[in-house]
Amino acid sequence: SRDPMRELLSHARSVLILIPWLLLATLVMGLISFFCSFFDSTGRLQHKVAVTWARMLLAVFQVKVDVIGADKLDPSRHYVFCSNHFSLVDTPIMFSSMPREFRILARHGLWKIPFIGWHLNRAGHVPVNRENPREAKKSITRAAEKIRSGYSTLLFPEGGRTRSEEMRPFKPGAAYIAIEAGVPIVPMAIVGSRNVLAPGSTHLRPGRVELRVGEPVPTEGLKNRDAKATIAQVQEEVRRIWNAPSWS
């Protein structure tokens, strides 16, 4: 059991130091990313800024990330990466530790947030409006074009953070993108991020997280009608590697 006084001090540190640091770092690095975009239209420089932002946050939060299974990836190929999503720290975990440069698909509301939205827009990430099927279809096409132009794509296919301890069903958008682009889908599992920051909590705790890479699921020769079965296969692999004993 945890010491109540230590827990109180830890929570106070989170609220009074870590969260203000997160906001300040996001503001500063968002501005840097915005200005970098005037000198680099590819988004690569902005991605490096985002990686630096994420590593700064995790260093201050005292969160260590072990990436396991990256040797499954072919350096010459691009992928659609799909991961579970249990915590707000999942995003900096991904930016700090992914074994490949990537662009994300995320809900379009993030593009309206100052600094974060500026970075997302100028760095070439793709907004998704799930409430508008026509716009959502355009986002799938844009993401496939990004992959064909040389970038992998990352999605949290549950459609948002999961507050329970079980994953929600994966939405098939990732499979549609991979099928249209003709690339494999890589199942990934973030293990331990709920212990760092639980859903709905303001208590950031130090900890160790594993980012596990599963076996890529091929999509060559598949049609759109195969998307739902494919994403179900991907989720089953994510569930398998997430539930496996510690890999480190």
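Refer to the structure printed above.
Scope of this entry: the structure provided in the associated data block. (Residues numbered from 1 in each chain as written. Predicted model: local features only at pLDDT ≥ 70, side-chain atom pairs only at ≥ 80, totals over all residues. Heavy atoms only, no water.)

So, the environment of Pro216
Then, in step 1: If you trace the backbone, Pro216 turns up in the loop between strand S7 (207-213) and helix H8 (227-243).
Then, in step 2: For the pair Pro216 and Phe81, spaced 135 residues apart in the sequence, the C-alpha separation amounts to 9.0 Å. (Helix = DSSP H or I, 4+ residues; strand = E, 2+ residues; numbered from the N terminus.)

Quick notes on the packing of aromatic side chains
The geometry of an aromatic ring pair is captured by the separation of the ring centres together with the interplanar angle, meaning the angle of the planes.
Then, in step 1: With the rule as written, the count across this model stands at five aromatic pairs.
Then, in step 2: With centroids separated by 5.9 Å and ring planes inclined at 50 degrees, the aromatic side chains of Tyr79 and Phe81 adopt a geometry described as tilted.
Then, in step 3: Given a relative accessible area of 2%, Tyr79 falls into the buried group.
Then, in step 4: Ring geometry for Phe86 and Trp242: centres 5.2 Å apart, planes at 35 degrees, overall tilted. One end of the pair, Phe86, is in the loop between strand S2 (80-83) and helix H3 (90-97); the other, Trp242, is in helix H8, with 156 residues separating them in the sequence. Summarising the burial analysis for this pair, Phe86 and Trp242 share the class buried.
Then, in step 5: A connected cluster of aromatic rings, assembled from ring pairs, spans Phe34, Phe35 and Phe38.
Then, in step 6: The positively charged end of Arg122 is found above the aromatic ring belonging to Phe38, 4.6 Å away from the centroid. (Phe/Tyr/Trp six-rings, centres within 6.5 Å; stacked < 30°, edge-to-face > 60°. Buried < 20%, exposed > 50% of the residue type's maximum accessible area, 1.4 Å probe, protein only. Lys NZ or Arg CZ within 6 Å of the ring centre and 35° of its normal.)

Some thoughts on the side chain of Asp90
Then, in step 1: Mapped onto the fold, Asp90 is located in helix H3.
Then, in step 2: Put simply, Asp90 is tucked away with no salt bridge, and the nearest opposite charge, on Arg161, sits 7.3 Å away.
Then, in step 3: With residues up to four places along the chain from it excluded, the contact list for Asp90 reads Asn84, His85, Phe156, Ile190 and Ser193. (Lys, Arg positive; Asp, Glu negative; His and termini not counted. Salt bridge = Lys/Arg side-chain N within 4 Å of Asp/Glu carboxyl O. Contact = heavy atoms within 4.5 Å.)

So, the sheet that holds strand S3 (residues 102-107)
Then, in step 1: Across the sheet, which stays open at both edges, the seven strands sit in the order S1-S7-S6-S2-S5-S3-S4 with mixed pairing between neighbours. Of all strands in the sheet, those with a lone pairing partner are strand S1 (63-68) and strand S4 (126-128), marking the two edges. Each strand axis lies, on average, 25 degrees off the axis of its neighbour in the sheet, ignoring direction.
Then, in step 2: As judged from the three bridges shared by S3 and strand S5 (residues 152-155), these two strands associate in the parallel manner. Its bridge partner lying in S5, Arg103 is registered against Thr153. (Pairing = 2+ DSSP bridges. Axes fitted to C-alpha atoms, helices over the stretch in contact; angles between N-to-C directions.)

Topic: a nonpolar patch on the surface
Then, in step 1: Together, Leu24, Leu27, Val28 and Ile32 give the surface a local cluster of nonpolar side chains, amounting to about 300 Å² of exposed area.
Then, in step 2: Secondary-structure assignment places Ile32 in helix H1 (residues 4-36). (Patch = residues over 30% accessible without salt bridge, like charges linked within 9 Å, V, L, I, M, F, W, Y side chains within 5 Å. Areas by Shrake-Rupley, 256 points an atom, 1.4 Å probe, with all protein chains shown as cover.)

Section: the environment of Phe170
Then, in step 1: You can see Phe170 is positioned in the loop between S5 and helix H6 (173-181).
Then, in step 2: Between the C-alpha atoms of Phe170 and Glu210, which are 40 residues apart in sequence, the distance is 21 Å.
Then, in step 3: For Phe170, the contacting residues outside a window of four places in its chain are Ser83, Pro157, Glu158, Ile231, Val234, Gln235 and Val238.

Remarks on unusual backbone geometry
Then, in step 1: Even without a glycine there, the phi angle at Gln62 is positive, about 60 degrees.
Then, in step 2: Secondary-structure assignment places Gln62 in the loop between helix H2 (44-61) and S1.

Quick word on the packing of H1 against H2
Then, in step 1: Running from N to C, H1 and H2 cross one another at 170 degrees; their axes reach a closest spacing of 9 Å. As far as their axial angle goes, H2 and H1 are roughly antiparallel. For H1 against H2, the interelement crossing comes out right-handed. Residues Arg13, Leu18, Trp21, Leu22, Ala25, Thr26, Met29, Ile32, Ser33 and Cys36 of H1 lie in contact with H2, whose contacting residues are Leu45, Gln46, Val49, Thr52, Trp53, Met56, Leu57, Val60 and Phe61.
Then, in step 2: When the residues that make up the contact of H1 with H2 are grouped by side-chain class, the tally is 14 nonpolar, four polar and one charged. (Parallel < 35°, antiparallel > 145°, perpendicular 65-115°, else oblique. Left-handed = near helix turned anticlockwise from the far one by under 90°. Nonpolar A, V, L, I, M, F, W, Y, C, P; charged D, E, K, R; others polar.)

Some thoughts on H1
Then, in step 1: Given a rise of 1.5 Å per residue, 33 residues ought to cover 48 Å, and the 45 Å separating the end C-alpha atoms of H1 matches this to within 8%.
Then, in step 2: Along H1, the helix axis deviates most sharply at Ser14, where the bend reaches about 35 degrees.
Then, in step 3: Against the buried residues of H1 lie H2 and helix H4 (116-123).
Then, in step 4: The backbone nitrogen of Met5 has a side-chain oxygen 3.0 Å away, supplied by the residue at the start of H1, namely Asp3. (Expected span 1.5 Å × (residues − 1). Bend = angle between axes of the 7 residues up to and from the residue. Polar contact = N/O pair within 3.5 Å; in protein donor to acceptor, adjacent residues only side chain to side chain.)

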